[in-house]
Amino acid sequence: MTRGRRPMIRAYRMIEGRNEPLDGVPSVEALRQACWIDLNAPSTADRQLVEQTFGIELPTREEMREIELSSRVYREAGGAFMTATVLCRADAPVPETMDITFVLTGDTLITLRFDDPKPFYGFHNQVTKQGVRLDNGISSFLALLDAILDRIADVLEGAGRDVTAVARELLIEGHQGHLNSDQQHLLLKRIARAHDLTAKARESLVTLTRIIAFTGTVRELANEKTLRARLKTLSQDAQSLADYTAFLSSNIAFQLDALLGVVGIEQNNIVKIFSVAAVVFLPPTLVASIYGMNFHFMPELDWPYGYPLAIALMIISVIVPFLYFKRRGWL
């Protein structure tokens, strides 16, 4: 194993009321006693070890990406298989999602993933450093789902605050006409990121809601009132977060329309200024064009004060429309 790389198999088993991590490459007997086995980008040997230990066949990475319901939640001999799309790298400029497969087999939870999302990293710390108790596979699964939903809630709260900040800038700076092109571009990027983040969070919540509903049919919950109540709470949390993403999406759409409206108003103001300037300078242009004609018989050419009179006429023809437009509030 490369130095500094996290082990591809991390497993925990209950010993004297405490969850003890299994160091190194665990044996078959140790794996059978584990309550949670976490496979992070496992090698072929690691996959075969887990499959042979529990008599199951783990899905490949390509199979995990399939979107059909029958490919994401199903039962096979040896366990219940559930694949969810989980929000990952939410703090990065471009958020991502990743597929994670949860396998409930007997008293053991097996998770298969190919990235290290923050909920998993934090949950490992809770188990090893904060003493979170994992009694069996189903309790480990529910605790992990809770951590994932908590992370999505934190991300959505941050997105909501950012959308509120964008609205404030649009209402204040946009109303005062202080939004320059750089600020508009920055606001547009923030709105686009919030939309992308919300859409991926909603996608994650849809898949999580699906596997939570499927978990309710697992026989290990049949006589566990506490776990059933906990599962019901998780289902309600997922639904409330999905409702919030719908609200957030509509709010983001409104912010985008408002920003585009501000940009449109500023563009219209610029076009209006050019239009008024064209109308203001049309009369003096006409006067200059008339006296620029090369006709031989033009009486004004012989007037002693013809030139200053033409200049004065052009100035007056500029001032009068300008004052009129100013009075009407068009400038």
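Residues numbered from 1 in each chain as written. Predicted model: local features only at pLDDT ≥ 70, side-chain atom pairs only at ≥ 80, totals over all residues. Heavy atoms only, no water.

Points about the pattern of salt bridges
Our working definition: Think of a salt bridge as a Lys or Arg side-chain nitrogen and an Asp or Glu carboxyl oxygen that are within 4 Å of each other. Segments assigned H or I by DSSP are reported as helices when at least four residues long, segments assigned E as strands when at least two residues long, and all are numbered from the N terminus. To sort residues, take the accessible area from a 1.4 Å probe on protein chains only and compare it with the maximum for the residue type: under 20% means buried, over 50% means exposed, and anything in between is partly exposed.
Applying the stated criterion across every chain yields a total of 12 salt bridges. In this structure, R72 and D99 form a salt bridge, with 2.9 Å as the shortest nitrogen-oxygen distance. On the criterion of sequence distance, the pair formed by R72 in helix 4 (residues 69-72) and D99 in strand 6 (residues 96-105) is long-range, its members being 27 residues apart. Comparing R72 with D99 shows no difference in burial state: the two are buried. Here D135 ties to R133 by a salt bridge, and the two come within 2.4 Å at their closest N and O atoms. Taking the relative accessible area as the measure of exposure, D135 reaches 44% and is therefore partly exposed. Through salt bridges that share partners, D38, R113 and D116 make up one connected network.

A look at the sheet that holds strand 2 (residues 18-21)
By definition, the strands of a sheet pair up through backbone hydrogen bonds, in either a parallel or an antiparallel sense. Convention followed: The criterion for strand pairing is that DSSP finds at least two bridges linking the strands in question. To define axes, lines are fitted to C-alpha atoms, for helices over the stretch in contact only, and angles between the resulting N-to-C directions are given on a 0 to 180 degree scale. Whether two residues touch is decided by their heavy atoms; if any such pair falls within 4.5 Å, the residues are in contact.
Sheet architecture is open: 7 strands sit in the order 2-1-3-7-6-5-4, paired in mixed fashion. Each having just a single partner strand, strand 2 and strand 4 (73-76) make up the two edges of the open sheet. Pairwise comparison of adjacent strand axes, ignoring direction, gives a mean angle of 20° for this sheet. In the sheet, strand 6 pairs with strand 7 (residues 108-113) via 5 bridges, with the strands oriented antiparallel. By the bridge assignment for strand 7, T105 is matched with T108. Docked against the sheet, helix 2 (residues 44-54) engages strand 1 (9-15), strand 3 (34-40), strand 6 and strand 7, running at close to 155° with respect to strand 7. Across the sheet, helix 7 (residues 181-215) touches strand 4, strand 5 (79-88) and strand 6, and the angle it forms with strand 5 is around 165°.

Considering the packing of helix 8 (residues 225-280) against helix 10 (residues 306-327)
What counts, and what does not: Polar here means any residue other than Ala, Val, Leu, Ile, Met, Phe, Trp, Tyr, Cys and Pro, which are nonpolar, and Asp, Glu, Lys and Arg, which are charged; Gly is therefore polar.
Taken N-terminus to C-terminus, the directions of helix 8 and helix 10 make an angle of 145°; their axes are 9 Å apart at the nearest point. Judged by residue contacts, V276, V279 and V280 of helix 8 engage S317, V318, P321, F322 and F325 from helix 10. Taken together, the residues that form the contact of helix 8 with helix 10 break down as 7 nonpolar, 1 polar and no charged.

Section: the nonpolar core
Just so we agree on the cut-off: Here, the term nonpolar core denotes a set of buried Ala, Val, Leu, Ile, Met, Phe, Trp, Tyr and Cys residues that are joined through side-chain atoms within 4.5 Å.
By size, the foremost hydrophobic cluster in this structure holds 59 residues, and its most contacted members are F102, F141 and I211. The set of elements that each furnish at least two residues to this core consists of strand 3, strand 5, strand 6, helix 5 (118-129), helix 6 (137-176), helix 7 and helix 8. In terms of residue count, helix 6 provides more of this core than any other element does, 17 residues in total. Residue contacts for I211: discarding those within four places in its chain leaves V73, M82, T83, A84, F102, F141 and L145. In this structure, L22, L39, F54 and L58 belong to the second largest nonpolar core, which totals 19 residues.

Quick notes on the packing of aromatic side chains
Here is the rule: Two rings belonging to Phe, Tyr or Trp (six-membered ring only in the last case) form a pair when the distance between their centres is within 6.5 Å. Interplanar angles under 30 degrees mark stacking, angles over 60 mark edge-to-face geometry, and anything in between is tilted.
Counted by the stated rule, this structure contains 6 aromatic pairs. Here Y244 and F247 contribute two aromatic rings whose centre-to-centre distance is 6.0 Å and whose plane-to-plane angle is 40°, an arrangement assigned as tilted. One end of the pair is Y244 and the other is F247, both in helix 8 and 3 residues apart, which spans about a single turn. Given the relative accessible area of 30%, Y244 is considered partly exposed.

Focus on the side chain of T105
Structurally, T105 can be placed in strand 6. Those residues in contact with T105 that lie beyond four places of it in its chain are F54, G78, G79 and I110.

Observations regarding the UniProt feature "transmembrane region" (unreviewed entry) in the protein chain
In plain terms, the rule: UniProt positions are given in the numbering used here, feature names are shortened, and annotations may be inferred rather than shown by experiment.
Annotation from UniProt places "transmembrane region" (unreviewed entry) at residues 273-293 and 305-325. Secondary structure within residues 273-293 divides into 81% helix and 0% strand; the distance between the first and last C-alpha atoms comes to 30 Å. Here residues 305-325 runs as 95% helix and 0% strand, with 31 Å between its end C-alpha atoms.

Some points on a negative patch on the surface
Defined as follows: Patch membership requires over 30% relative accessible area and the absence of a salt bridge. Like charges are linked within 9 Å, and nonpolar side chains (Val, Leu, Ile, Met, Phe, Trp, Tyr) within 5 Å. In these tables, accessible area is a Shrake-Rupley quantity obtained with a 1.4 Å probe, and a residue counts as shielded only by the protein chains included in the view. In summary, the charge assignment counts Lys and Arg as positive and Asp and Glu as negative, without counting His or the chain termini. A charged residue contributes its charge at one atom only: NZ of Lys, CZ of Arg, CG of Asp or CD of Glu.
A cluster of acidic side chains, namely E57, E62, E63, E66, E68 and E76, defines a negative patch on the protein surface. Within the secondary structure layout, E76 lies in strand 4.

Things to note about the confidence of the model for the protein chain
So the rule is basically this: pLDDT measures the predictor's confidence residue by residue and takes values from 0 up to 100.
Predicted confidence across the protein chain gives a mean pLDDT of 84, with 93% of residues reaching 70 or more. Predicted confidence for residues 1-5 stays below pLDDT 50, and this span has 4 contacts to residues more than four positions away or in other chains.

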